[in-house]
Amino acid sequence: MPSRRSAFLLAFSLISLPSAFAQTPAYKDPSLSAEKRIDNLLSLMTLDEKIDCLSTKTGVPRLGVPNFGSSEGIHGVVQRKSDYTHTPIPTTQFPQPPGLGESWDPALVQQAAHVEGYEARYITQTPKYERQILQLWGPQSDLARDPRWGRSEEVYGEDPFLNGTMAVAFIHGLQGDDPKYWLSAALLKHFLANSNEDHRTKSNSVFDDRLFWEYYSLPFRMGFQQGGATGVMASYNAWNGTPMAINPVLKSILRDKWGVEILSSDGGAVKLLVTDHKRFPDQKAAVIACLHAGINQFLDTYKDETRAAVKEGSVTEAEIDSLLRPKFRVTLRLGLLDPPEMVPYSTIKETANTPAPWDSDHDKAISLKMALESITLLKNANQTLPLDKNAIKSIAVIGPLADSVHWDWYGGEPPYKITPLEAIKSIVPASVKVTYAEDETGQKAFDAAKSSDVAIVVIGNDPTCGPDMGKDWHDTVDGGGTLACTVPSDGREGRDRESLTLAQEQLVKQSFAANPKTIVILVSSFPFAINWSEDHAPAILHITHTSQDEGTALAKVLFGDFNPGGHLTTTWPKSIDQLPPMMDYNIRDGRTYLYSKADPLYPFGFGLSYSTFTFANLKTSAPTLASDGTVTISVDVTNTSSRPGDEVVQLYVKHPKSKITRPQKELKGFQRITLQPNETKTIRIPLKASTLAFYDTKSLTLKVEPEPLTLEIGDSSKDIKLTTSLTVK
């Protein structure tokens, strides 16, 4: 007979058999459809687990469901700190989105975003970092309709087609090119018409349905329909009286028409429905309204309110299930419930003898190329640039931004950063004397410029409006919840700019008085009315903040190792007087290059090169364009200089006989190309009839109008080289 101990062990093993040989739960079975897997997962979750997953934490620890988490990511993964227990993680930091846009190179923007997605996956899957950040909050798909907007530093530009094209490229980079799995998930911000900061927590953006479809929503629609993104964050403001967090378009258009799956509130937005918009008596009522509107990701207090709502019957568990279902589709697309051998991105993690991605030659090379292509040459009288490093004996490097690389509110911690001063010193021969003067005190700037062959003045804005941005969130009478910037022309989240005048331009005047060979480098998040510099300084370069390779890129351009080819993505006014009132969201009243009649300082699309180019042989592949068709526009571009260079070929469309109000012209295609000296290339740009559609307020649909078109080819919205005609039938 077996002993009592043997009998006990036999009985225990028999009891354990079902769990030891249990089948894989259906939600972890990759052979099943996504919906069957999610059905099974929801059936196993408790109500509290479901409510928890309505936050940014989407994991179910009891069931082994990983959290995909989130991180800011409009120009690099942001891990300055995850919380008070985590240390910062360095990540590759690219130029601010206006700088990405000024490259006019969607393929390069896609590569930069892929670096970001890869680094997010690496951090998530490397255990020592202890964080999950596979949903990246970007791209920022809003439009810079007014240069006073404090957050225009976060968007690509003022044109919907350009912004949409860049958003699509960024999304493709973040999400990867695998046909089944995503590298990371994109969450677009902020829907919709979120382009004022002062009083943003209760402001109302007023414009008609045509502007909704043709302007404000277009970059988002392109991001969802062409880019494949399925996440979005609702903005704080209202549109035509209804706050976006509860606006019916979240369901009727974003979810039902564009397939958006994650509808996120912004931080504190639910509370603002009570305190600022005054739409609801308390937080619970606001939470219920958001749930009914389709919000399934809360960045606000909501859990106790949701439990109470379910208990009283104002929200059902079935409704919560329907809100969670699309979030778990994202979990599946990220491969988090599938065997690692099936997921091509599962091996991205720290390994022995392999550098972290941000320390790799690959990521550094893309960072430098992005910085180089973002630089825009605004003026170059008498071929002042490039400088001959072997002919110069002394250089004055002047200005408060000459020996710094600034971060912004949505920038991370770079693995390194090179300032303009450091890069200039490293690129010139040791025999060249480099004198640095931070400012004009004690006539340091004047004396440095006077005693040097050339003066390089590096000026611009402070993207955080000072060192205490994180502590400056206090309500003010005239603002959107932050203290006023010390410098009126600075702006940031929560605070619009009060001026377009750059106070630091005084430093240019002082340097120029001492040395007419004064070169201006404007490092800025926004347009500035630098009229004096344009009139007097022989050369002006522009770059945006936050690139870890800022200095290296600028030095290479200054001394001719790289030929600048960036172009502006916003209209730069001569003065604030050229702008309509800030809260006028009807852009037809004279806003952006689409409708403005004012003569700007620099037009949309403007940018110079050290090379010269000619355009010839503008042709269309057919004389007519079907309402559902595509034609190809071709043009020959020749580099007529002795230096290799980049040109940005821009296609604009005019509607001279349209029966409805249309923009003066509209960007409908572009291509950045590199040409060797005397080289000619035939550039082909597709023009889809669908991009010409207007919103018909009678049929409530987008329609392509039969009409004659004027096609313009140029290298800015003002500098048109060739025109031809095309008929839409």
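Sequence order as written defines the numbering, with residues in each chain counted from 1. Totals for whole chains, interfaces and linings use every residue, but because this is a predicted model, local features are given only for residues with pLDDT of at least 70 and side-chain atom pairs only at 80 or more, for both listing and counting. Excluding hydrogens and water, the side-chain values take into account all heavy atoms of the structure.

Undergrad: How should I be thinking about the overall build of the chain in this particular structure?
TA: Runs of E in the DSSP output that reach at least two residues are strands. Runs of H or I that reach at least four are helices, and both are numbered from the N terminus. Secondary structure summary: the chain contains 20 helices and 24 strands in total. The globule rule used here is 2.2 Å times the number of residues to the 0.38 power, and the radius of gyration it is set against is calculated over C-alpha atoms. At 28 Å, the chain has a C-alpha radius of gyration in line with the 27 Å of a compact globule built from 729 residues. Seen through its C-alpha atoms, the chain measures out along the principal axes to roughly 105 × 65 × 55 Å. Accessibility here uses a 1.4 Å probe with only protein chains present; expressed as a share of the type maximum, an area under 20% marks a residue as buried, one over 50% as exposed, and anything in between as partly exposed. Taken across its 729 residues, the chain has 60% of its residues classed as buried. Intrachain contacts of the chain at a sequence separation of at least 6 include 76% that bridge at least 24 residues. Residue exposure ignores everything except the shown protein chains as possible cover, and the areas themselves are Shrake-Rupley values with a 1.4 Å probe. As presented, the chain carries roughly 28200 Å² of accessible surface, and 52% of it is formed by carbon and sulfur atoms. In the chain, the 75 positive side-chain charges and the 86 negative ones have mean positions that sit 3 Å from each other. Two residues form a contact once any of their heavy atoms are found within 4.5 Å. Only four residue types enter the charge count: Lys and Arg as positive, Asp and Glu as negative, with His and the chain ends excluded. Charge positions are represented by NZ for Lys, CZ for Arg, CG for Asp and CD for Glu.

Undergrad: Help me out: how do you make sense of helix 8 (residues 218-225) in this one?
TA: Every α-helical turn comprises 3.6 residues, leaving residues that sit three or four positions apart pointing alike. Burial of helix 8 is extensive: seven of the eight residues sit out of reach of the surface. Of the positions making up helix 8, those classed as buried are L218, P219, F220, R221, M222, G223 and F224.

Undergrad: Honestly, unusual backbone geometry in this entry has me stumped. Any pointers?
TA: Geometrically, the link from F191 to L192 is a cis peptide bond, its omega value of 20° lying close to zero. Following the sequence through the fold, L192 ends up in the loop between strand 3 (185-191) and strand 4 (204-205). In this structure, P386 follows L385 across a cis peptide bond, with omega equal to 0°. Relative to the helices and strands, P386 is located in the loop between strand 9 (376-380) and strand 10 (394-398).

Undergrad: Help me understand the sheet that holds strand 11 (residues 433-437) in this model?
TA: A strand pair is defined by DSSP finding two or more bridges across the two strands. Here six strands make up an open sheet; going across it, the order is 9-14-13-12-10-11 and the pairing mixed. Taken across any chain shown, the strands that pair with only one partner, and hence form the sheet edges, are strand 9 and strand 11. Averaged over neighbouring strand pairs, the angle between their axes works out to 15° when direction is ignored. As judged from the four bridges shared by strand 9 and strand 14 (residues 539-543), these two strands associate in the antiparallel manner. Across the sheet, residue N380 finds its bridge partner in strand 14, namely A539. Interaxial angles span 0 to 180 degrees and are taken between N-to-C directions of axes, which are lines fitted to C-alpha atoms, for helices over the stretch in contact.

Undergrad: For this particular structure, what's the right way to read the packing of aromatic side chains?
TA: Note on ring pairs: Phe, Tyr and Trp rings are taken, using the six-membered ring of Trp, and paired if centres are within 6.5 Å. Classes follow the plane angle, with under 30 degrees stacked, over 60 edge-to-face and the rest tilted. Within the structure shown, the criterion is met by 27 aromatic pairs. Measuring from ring centre to ring centre gives 5.5 Å for F207 and W239, while their planes differ by 25°; the resulting arrangement is stacked. Within this pair, whereas F207 is found in the loop between strand 4 and helix 7 (209-216), its partner W239 is found in strand 6 (residues 238-239), the two being separated by 32 residues in sequence. Exposure remark for W239: the relative accessible area of 8% places this residue in the buried category. Here the aromatic rings of W213 and W258 are separated by 5.9 Å at their centres, their planes lie at 90°, and the arrangement is edge-to-face.

Undergrad: Teacher, can you tell me more about the packing of helix 6 (residues 160-175) against helix 8 here?
TA: When two helices pack together, their arrangement is captured by the angle between the axes and the distance separating the axes. Where helix 6 contacts helix 8, the two axes come as close as 8 Å, and the packing angle between them is 30°. Relative to helix 8, helix 6 is oriented roughly parallel. Remark: the crossing between helix 6 and helix 8 carries right-handed chirality. Every residue of helix 8 that contacts helix 6 at P160, F161, N163, G164, T165, A167, V168 and I171 is listed here: L218, P219, M222 and G223. Ten residue types, Ala, Val, Leu, Ile, Met, Phe, Trp, Tyr, Cys and Pro, are classed as nonpolar, four, Asp, Glu, Lys and Arg, as charged, and the remainder, Gly among them, as polar. Residue classes in the contact of helix 6 with helix 8 are distributed as eight nonpolar, four polar and no charged. Any angle that falls under 35 degrees is termed roughly parallel, while one over 145 is termed roughly antiparallel, one within 65 to 115 roughly perpendicular, and all others oblique. With the far helix as reference, a near helix turned anticlockwise by less than a right angle produces a left-handed crossing, and one turned clockwise produces a right-handed crossing.

Undergrad: Looking at this structure, how should I read the state of the cysteines?
TA: Linking two cysteines covalently through their sulfur atoms gives a disulfide. Working definition: a disulfide is two cysteine sulfur atoms within 2.5 Å of each other. Overall, the coordinates contain one disulfide when judged by the stated rule. The side chain of C465 participates in a disulfide bridge whose partner is C485; the two sulfur atoms lie 2.2 Å from each other. In this structure the cystine formed by C465 and C485 twists about its S-S bond by roughly 55°; its chirality is therefore right-handed. Of this pair, C465 sits in the loop between strand 12 (454-460) and helix 17 (505-514) while C485 sits in the loop between strand 12 and helix 17; the two residues are 20 residues apart in sequence, bridging distant segments of the chain. For the pair formed by C465 and C485, the shared burial category is buried.

Undergrad: Just to check I follow, could you spell out the environment of D388 for this structure?
TA: Structurally, the position occupied by D388 is in the loop between strand 9 and strand 10. Residues D388 and V428, 40 residues apart in the sequence, show an inter-C-alpha distance of 9.3 Å. In this structure the side chain of D388 is engaged in a polar contact, spanning 3.0 Å, whose partner is the backbone nitrogen of N390. Polar contact criterion, stated in full: a pair of N or O atoms within 3.5 Å, where within protein one must be able to donate a hydrogen and the other to accept it, and residues adjacent in sequence count only if both atoms are side-chain atoms.

Undergrad: I would appreciate a short explanation of the sheet that holds strand 19 (residues 666-675) in the present structure.
TA: Strand-to-strand pairing in sheets goes through backbone hydrogen bonds, with the strands running parallel or antiparallel. The strand order across the open sheet formed by five strands is 16-24-23-18-19, and the pairing between neighbours is mixed. Edge positions in the open sheet fall to strand 16 (624-625) and strand 19, since each of these has one partner strand only.

Undergrad: Quick question: what am I supposed to make of the pairing of strand 24 (residues 720-728) here?
TA: Remark: a regular strand shows side chains that alternate across the two faces of the sheet. Here two bridges tie strand 16 to strand 24, and the two strands are oriented parallel to one another. By the bridge assignment for strand 24, L625 is matched with V728. The hairpin formed by strand 23 (residues 707-714) and strand 24 contains five residues between the paired strands.

Undergrad: What is the right way to read the pattern of salt bridges from this model?
TA: A carboxyl oxygen of Asp or Glu within 4 Å of a side-chain nitrogen of Lys or Arg is what we treat as a salt bridge. Scanning the entire structure with this criterion turns up 38 salt bridges. Of the charged contacts, one joins D52 and K303 as a salt bridge, the two residues approaching to 3.3 Å between their closest N and O atoms. With D52 in helix 3 (residues 47-52) and K303 in helix 12 (residues 303-312), this residue pair connects regions lying 251 residues apart in the sequence. For D52, a relative accessible area of 28% gives the class partly exposed. Residue K303 is classed as partly exposed on the basis of its relative accessible area of 32%.

Undergrad: Looking at this structure, how should I read helix 14 (residues 361-374)?
TA: Under the 1.5 Å per step criterion, the end-to-end length of helix 14 is 20 Å for 14 residues, consistent within 8% with the ideal 20 Å. Within the sequence span of helix 14, burial applies to D363, I366, S367, M370, A371, L372, E373 and S374. Each element contacted by the buried residues of helix 14 is listed here: helix 4 (97-102), helix 5 (106-125), strand 9, strand 14, helix 19 (550-558) and strand 19. One less than the residue count of a helix, multiplied by 1.5 Å, gives the span that helix is expected to have.

Undergrad: I tried to follow the environment of Y410 on my own but got confused; where do I start?
TA: You can see Y410 is positioned in the loop between strand 10 and helix 15 (420-427). Separated by 229 residues in the primary sequence, Y410 and N639 have C-alpha atoms spaced 39 Å apart.

Undergrad: Just to check I follow, could you spell out the packing of helix 5 against helix 6 for this structure?
TA: Between helix 5 and helix 6, the shortest axis-to-axis distance is 7 Å and the interhelical angle comes to 35°. Classified by chirality, the crossing of helix 6 by helix 5 is right-handed. Of the residues in helix 6, those touching helix 5 at P106, V109, Q110, A113, H114, E116 and G117 are T165, M166, A169, F170, H172, G173 and L174.

Undergrad: Would you explain the confidence of the model for the chain in this entry?
TA: Detailed reading of the predicted coordinates is not advisable wherever pLDDT falls low. Along the chain, pLDDT gives the predictor's confidence residue by residue, from 0 to 100. Residues of the chain with pLDDT of at least 70 account for 96%, and the chain-wide mean is 95. Of the regions scoring below 50 in pLDDT, residues 1-21 engages in zero contacts with residues more than four places distant in sequence or in other chains.

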